[in-house]
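Working through the structure, step by step
The residues making up each chain are set out below.
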Amino acid sequence: APSRHGYTLHYIQGEGDVQGIKIGYQHYLSHYLPERFNQFELLFESSVNLWRYGDNNDYDRNLVLALTPVFQYPLTTYKGNPVMFEFGIGLSLLDDTQFAGKNVSTHYQFEDRIGVVYKINNAELGLRYLHYSNAGFKSPNPGLDFISLSYSKRF
């Protein structure tokens, strides 16, 4: 049986010059799902994000902590390995509410994700869209959008 623990490394690219990395710990909990959901995989990802915006001599940075439950569902196979659809909504804590020329109003944000993951043995390659916003609890709420390329591995 595969391990229930893993790590993930993301390169994230946001609007404009926003770039970052996301490092996370993944805990797989699919064994808790009811049998009728046996095709789904469930994991919780806790992560640290480091975002950077601007030139080398004048840049803004933000530290983000996040905890996100993630569901994966098989779409198809490619070369005998599963391709999974992924979605999740979690909570995040931003160090700074002013970032990349935006005022996001609150330190607490939701982390929404949707993506595609290709599984190879105990590893995954992923392409995701990530969106951070406070869901309109406080204005302004411009949100922050990212595309993520990731590598994950169970250990």
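Fair warning: this is a prediction, and the values are worked out from it, not measured in the lab.

We now examine unusual backbone geometry. Residue Pro 140 is reached from Ser 139 by a cis peptide bond, and omega for that bond is -5°. Within the chain, Ser 105 stands out as a residue other than glycine whose phi angle is a positive 75°. For Ser 105, the position within the fold is in the loop between β7 (102-103) and β8 (108-120). Even without a glycine there, the phi angle at Ala 135 is positive, about 60°. Looking at the element boundaries, Ala 135 is found in the loop between β9 (123-133) and β10 (144-154).

Another aspect to go through is the packing of aromatic side chains. Applying the stated criterion across every chain yields a total of 14 aromatic pairs. With centroids separated by 6.4 Å and ring planes inclined at 55°, the aromatic side chains of Tyr 7 and Tyr 151 adopt a geometry described as tilted. Taken together, the residues Tyr 7 in strand β1 (residues 5-14) and Tyr 151 in strand β10 connect sequence positions 144 residues apart. Look at Tyr 7 and you get partly exposed, because its relative accessible area is 31%. Judged by relative accessible area, Tyr 151 falls into the partly exposed class, the value being 32%.

Turning our attention to the sheet that holds strand β2 (residues 19-28). An order of β1-β2-β3-β4-β5-β8-β9-β10 is seen for the 8 strands of this closed barrel, with the pairing classed as antiparallel. Across the sheet, the mean angle separating the axes of adjacent strands is 25° when strand polarity is ignored. When strand β3 (residues 41-54) meets strand β4 (residues 59-78), the two strands line up antiparallel, connected through 14 bridges. Considered in β4, the bridge of Glu 41 is made with Gln 72.

This brings us to the pairing of β3. Where β2 meets β3, 10 bridges bridge the pair, whose relative direction is antiparallel. Looking at β3, one finds that Gly 20 is bridged to Trp 51.

Thresholds applied
Residues numbered from 1 in each chain as written. Predicted model: local features only at pLDDT ≥ 70, side-chain atom pairs only at ≥ 80, totals over all residues. Heavy atoms only, no water. Helix = DSSP H or I, 4+ residues; strand = E, 2+ residues; numbered from the N terminus. Phe/Tyr/Trp six-rings, centres within 6.5 Å; stacked < 30°, edge-to-face > 60°. Buried < 20%, exposed > 50% of the residue type's maximum accessible area, 1.4 Å probe, protein only. Pairing = 2+ DSSP bridges. Axes fitted to C-alpha atoms, helices over the stretch in contact; angles between N-to-C directions.

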